[in-house]
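Notes for the structure review
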Amino acid sequence: MAAKRNAVTTQVPEPPPEGTSLALDTRLSRHVESVIPKKRQEALKWYGWGYNDSQFYGQQGIICFKGDKYPLAGCELPNFTKWVRSKFDLHVDHTNSYPQLPPTYPAPVENAPFLNELRGCTKVEHSQEGVDRLVRCHGQTLHDIYSLWHNKFRRIPDLVVWPRCHDEVVQLVRLAHKHNVMLLPFGGGTSVSGAITCPQEEQRMICVLDTSQMNRLLWLNRENLTVCFESGVVGQDLERVLREQGLTVGHEPDSYEFSTLGGWVATRASGMKKNVYGNIEDLVVRVRMVTPAGTLERECSAPRVSCGPDFNHIILGSEGTLGVITEVVLKVRPLPPVQRYGSLVFPDFEQGVLFMREVARRRCQPASVRLMDNEQFLFGQALKPEKSWLASCLDAVKQRYVTVWKGIDLAHICAATLLFEGEQKDVQRQEAVIYEIAARYKGFPAGGQNGERGYLFTFVIAYIRDFALHQGIVAESFETSVPWDRCSLLCRCVKRRVVSECARHNISHYTISARVTQTYDAGACIYFYFGFRYLNIPNPVEVFEAIEHSAREEILACGGSLSHHHGVGKIRSHWYRNAVTETGTSLYTAAKQHLDPRNIFAAGNLLPPQEQLQLAEKLEKPPQLQAAAAAAAALKAKL
């Protein structure tokens, strides 16, 4: 039977390609009720991270947290208040106000033929309301949020569209290509690379393609343990639906509550439990992407194929520059019967890194193992709510045990959080191996409660950035991956570079810390957290970005990568050519020219601004003029 090429269908596939009719459960095909409504601002902050009802705030000089979705709900945090005071010389000001929606919005640029055909020939829902456009003009970089707070966006999208299926995306891409309208795919809005930030210099009409209404579970194959979702499904919604069937994908990035499946694929995302389930590239079986040149997908769902270059990997990491991801087939696993947390304490960061390296070498990683340096350890301890007198006494005894009996200096102590998943016997065996390895590097168990706190607080910590900005502190994280033999060195060098840069900018109140979050045979992922109080600094975001730029230069000089999982976006495009070589850049550009000849997916990611302009000019020329220009250049070179 002839293979179907670029078939446009939103129907559940026939059973034969995916397995037996008994294995393929099409009854589950349904729209997924999302935690995030179509009007995002009804549930999520328009000016920052997370839910409207969840945030840190000041009350009578004490930092508190509100929001019943998290472990810190309703807690006063006096220890965190003291940490902030000692680190930044800051007394919490509860009188500061959060920003209000602007009274007016930039007037939309309109492409009348496109709008007429959109309204007359399609059923795609759309909006030109100012607030709908504003909340989709940005991601979650510090620059994005600061610009929102100070109403600095000169250019926001001109139109928001909500396609409901693959077919409607095909219609939209064809129309945008026909009328030369820029399309910006938008999923969960959690990007921290500038990837979805509205290009400020774009002259054409900008149409944001919001995938939130494309979140159906299309089919589930229980025999093959595969599932097909539309790309707009949010991480926590995806997992909730699968858990109802006793299954899990197991992909939990820090943004899991709000990021989407399509965004994971577009950025080559990584999750906290990748040791068991893999990164997104390990979980994807098939993916569909709509481009102006047609739909790119692999026809076969076999577990592995040797059929030339794998075009899944053209889509993975494409960051919205080649097309719109519409459907993804993923591997799933049965829910683990046992989930257990743990934690370890080490005398210093270097011993902790040696422990992580040995665990990776023996390939005995639990689902998650993350190592915090001393600065992050103390920060995590400060986030604990105030305890009763008895609990405080117990903590004092534990501290004496660590410092006196174990001989560990609190100025160097670090900790690791652990998550084990699997069958009871497998978890017990894995725990024994992990604790045995830890003992070889002077580490010892610190209890499951600390491990669970550390794991779950990942989702709460994201809210601190906006509270910090509210109090005059700019802060953000950045990450890299690095070979094991350079792991500790890179951490030391980057911290030293940040300290020296802070001194150069006369910044005296700051924090810089690191954690090792994912491990591999050949190396690890490292996260850095950096923030400073910007007293008497008129341009704090520019200064922050300059220091982060220096830190990235140090990372690259120490053998680190441009990014482990955040992607390149706009803020790291400066280094993209060096990262992939001249030949690699040319290969990407050739794919771009073929798949998107009019550059309607002009998000501005990967290539630096100047090269974006050159590419745009090249794509705007007809093929005949391109050939003539090339011939003229060749003749000039000969002369």
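Since the model is a prediction, treat every value here as computed from it, not as a measurement.

**Let's talk about the sheet that holds strand β4 (residues 75-76)**
- Across the sheet, 3 strands lie side by side as β2-β3-β4; this open sheet has antiparallel pairing. Both edges of this open sheet fall to β2 (55-59) and β4, since each of them pairs with a single strand only.
- Across 5 bridges, the pairing between β2 and strand β3 (residues 62-66) is antiparallel. In the sheet register, G58 faces β3, and the bridge partner there is I63.
- Set on the sheet, helix α2 (residues 78-88) makes contact with β2, β3 and β4; between it and β3 the angle comes to about 125 degrees.

**A few points about the pattern of salt bridges**
- All chains considered together, the criterion is met by 37 salt bridges.
- With its nearest N and O atoms 2.6 Å apart, the salt bridge here joins R136 to D210. Here the residue R136 occupies a position in the loop between α4 (130-134) and α5 (142-149), and D210 occupies one in strand β8 (residues 206-210), the gap between them amounting to 74 residues.
- Residue R136 is classed as buried on the basis of its relative accessible area, which comes to 0%.
- In this structure D210 comes out as buried when scored by relative accessible area, which is 0%.
- For E239, the salt bridge is made with R243, and the minimal N-O distance between the two is 3.8 Å. Taken together, the residues E239 and R243, both in helix α7 (residues 235-243) and 4 residues apart, mark about one turn of the helix.
- With relative accessibility at 2%, the residue E239 sits in the buried group.
- Here R243 falls in the partly exposed class, since its relative accessible area comes to 38%.
- What emerges from the salt-bridge pattern is a single network uniting R286, R288, E297 and E327.

**Here we look at the environment of S508**
- By secondary structure assignment, the location of S508 is in the loop between α18 (487-504) and β21 (510-519).
- Counting along the chain gives 24 residues from S508 to F532, while the straight-line C-alpha distance between them is 8.1 Å.

**Structural notes on the pairing of strand β7 (residues 182-186)**
- Counting buried positions along β7 gives 5 out of 5 residues, so the element sits mostly inside the fold.
- The alternating pattern of β7 places M182, L184 and F186 on one face and L183 and P185 on the opposite face, and all of these are buried.
- Sheet topology places β7 next to β8; 5 bridges connect them, and they run parallel. Directly across from L184, in β8, lies its bridge partner V208.

**A short note on the pairing of strand β22 (residues 523-533)**
- Taken across its 11 residues, β22 has 10 buried, putting it largely inside the fold.
- In terms of strand pairing, strand β20 (residues 473-483) meets β22 through 11 bridges, oriented antiparallel. Within β22, the residue paired with S481 across the bridge is C525.
- Summarising the sheet, β21 and β22 pair through 9 bridges and their orientation is antiparallel. The residue of β22 that forms the bridge with V516 is I526.
- In this antiparallel pair of consecutive strands, β21 and β22, the connection spans 3 residues.

**Regarding the packing of helix α3 (residues 112-121) against helix α6 (residues 166-179)**
- The N-to-C vectors of α3 and α6 enclose an angle of 155 degrees; their axes lie 9 Å apart at closest approach. Here α3 lies roughly antiparallel to α6, going by the angle between them. Where α3 crosses over α6, the handedness of that crossing is right-handed. Together, P113, F114, E117, L118 and C121 of α3 and Q171, L172, L175, A176, K178 and H179 of α6 make up the contact between the two elements.
- Its residues assigned to classes, the contact of α3 with α6 comprises 7 nonpolar, 2 polar and 2 charged.

**Structural notes on unusual backbone geometry**
- In this structure, L225 is a non-glycine residue whose phi angle is positive, near 55 degrees.
- Take L225: it is sitting in the loop between β9 (217-221) and β10 (226-230).

**A word on α6**
- Taking 1.5 Å as the rise per residue, α6 with 14 residues should run 20 Å; its terminal C-alpha atoms sit 20 Å apart, in good agreement.
- Taken residue by residue, α6 has H166, E168, V169, V170, L172, V173, L175, A176 and H179 as its buried positions.
- Phi turns positive one or two residues past the end of α6, at N180, with a value near 60 degrees.

**Examining the environment of N450**
- Among the structural elements, N450 can be located in helix α16 (residues 448-461).
- Between the C-alpha atom of N450 and that of Y341, which follows or precedes it by 109 residues, the distance is 8.2 Å.

**Concerning the nonpolar core**
- F56, F80, F355, F528 and F532 are the most contacted members of the largest nonpolar core, which has 111 residues in total.
- Looking at this core element by element, the count peaks at 7 residues for α18.
- With residues near it in sequence (within four places) discarded, F528 still touches E476, S477, F478, T480, L490, C491, V494, I512, S513, A514 and I555.

**A closer look at the side chain of S54**
- Along the polypeptide, S54 turns up in the loop between β1 (24-25) and β2.
- Ignoring any residue separated from it by four or fewer positions in sequence, one finds S54 in contact with K45, F65, K66, G67, Y70 and Y463.

Basis of the calculations
Residues numbered from 1 in each chain as written. Predicted model: local features only at pLDDT ≥ 70, side-chain atom pairs only at ≥ 80, totals over all residues. Heavy atoms only, no water. Pairing = 2+ DSSP bridges. Helix = DSSP H or I, 4+ residues; strand = E, 2+ residues; numbered from the N terminus. Contact = heavy atoms within 4.5 Å. Axes fitted to C-alpha atoms, helices over the stretch in contact; angles between N-to-C directions. Salt bridge = Lys/Arg side-chain N within 4 Å of Asp/Glu carboxyl O. Buried < 20%, exposed > 50% of the residue type's maximum accessible area, 1.4 Å probe, protein only. Parallel < 35°, antiparallel > 145°, perpendicular 65-115°, else oblique. Left-handed = near helix turned anticlockwise from the far one by under 90°. Nonpolar A, V, L, I, M, F, W, Y, C, P; charged D, E, K, R; others polar. Expected span 1.5 Å × (residues − 1). Core = buried A, V, L, I, M, F, W, Y, C linked by side-chain atoms within 4.5 Å.

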